[in-house]
Amino acid sequence: MKRLRDVTVGVTLGGVLFSGVSYAATSNIAVQFLQLKYHFDGVEKTPATGKTGFIYEGSTYVPLRFAAESLGKSVVYDNKNLEVHIGDAYAEGSEVKLTDEQRLQNLLSSTSQHYGEAGRNQNIQWWYKIQFTEYDTATGEFEGQIEWLNLNSINKIEGKLSGKTITFKETEKIKAGNAVIGPEYTLTIKDSKLSGTWKLDSDEGNIIWFSINDL
């Protein structure tokens, strides 16, 4: 098995790897998609669906965020300056300041699971894990899934990022349980915290707060 340092890493950062890959928007390149398996320190890890690697001219290209996070390194993508920062890439004593928009973009680009809680009248009633698997940086649209830990439910989600606000809905059940389908979530970032409300058409007067803790 090749060691990771011998593998050429392609920067996809949550983007989609597509067949008939276009390069520089003017030409096509022929790549070979294989069912690659990745082992990190002896542990096999699998990238999100649609983000597998490919081989081009004898080099293996791997989604950068998947590879970095599998090695315990953080990834920060600066969309404004088109810069990618991996791990401790800053001089000692320097401070990395991300805009709220960059924080949300990084959240949606990450395929890691994020934890949160929800409830009524500031009383926590539900805990969940949420994972974003398909984020289109051009349109702000994304997909993913939410697992309600104390309701034994997993639902697919679809939504959109607009400025400092994320909106999404649960669209279908992946694992049936006690969670309902149909709530509309509106989350806004403020002071590095992402929180907001959800509502159901059938329950307009009962607004439930919702937050993602590890932004």
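Preceding this paragraph is the structure being described.
A few points on the structure. (Residues numbered from 1 in each chain as written. Predicted model: local features only at pLDDT ≥ 70, side-chain atom pairs only at ≥ 80, totals over all residues. Heavy atoms only, no water.)

### Remarks on the environment of Ile-154
Mapped onto the fold, Ile-154 is located in strand E13 (residues 153–162). Judged by relative accessible area, Ile-154 falls into the buried class, the value being 15%. Ile-154 sits 26 residues away from Tyr-128 along the chain, and the two C-alpha atoms are 9.3 Å apart. When sequence neighbours within four positions are dropped, the list of residues in contact with Ile-154 reads Gln-145, Ile-146, Glu-147, Lys-173, Ile-174 and Lys-175. (Helix = DSSP H or I, 4+ residues; strand = E, 2+ residues; numbered from the N terminus. Buried < 20%, exposed > 50% of the residue type's maximum accessible area, 1.4 Å probe, protein only. Contact = heavy atoms within 4.5 Å.)

### With respect to the environment of Lys-37
In this fold, Lys-37 is placed in the loop between strand E3 (32–33) and strand E4 (38–40). Taking the relative accessible area as the measure of exposure, Lys-37 reaches 61% and is therefore exposed. The spatial distance from the C-alpha of Lys-37 to the C-alpha of Thr-52 is 9.2 Å, given a sequence separation of 15 residues.

### Some points on helix H2 (residues 100–109)
Taken across its 10 residues, H2 has 8 buried, putting it largely inside the fold. Among all positions of H2, only Asp-100, Gln-102, Leu-104, Gln-105, Asn-106, Leu-107, Leu-108 and Ser-109 are buried.

### Quick word on the environment of Lys-173
If you trace the backbone, Lys-173 turns up in strand E14 (residues 165–175). Given a relative accessible area of 37%, Lys-173 falls into the partly exposed group. With 27 residues separating them along the chain, Lys-173 and Ile-146 place their C-alpha atoms 9.8 Å apart. Every residue in contact with Lys-173, bar those within four places of it in the chain, is listed here: Ile-154, Asn-155, Ala-179 and Ile-181. Polar side-chain contacts of Lys-173 include one of 2.6 Å to the backbone oxygen of Ala-179. (Polar contact = N/O pair within 3.5 Å; in protein donor to acceptor, adjacent residues only side chain to side chain.)

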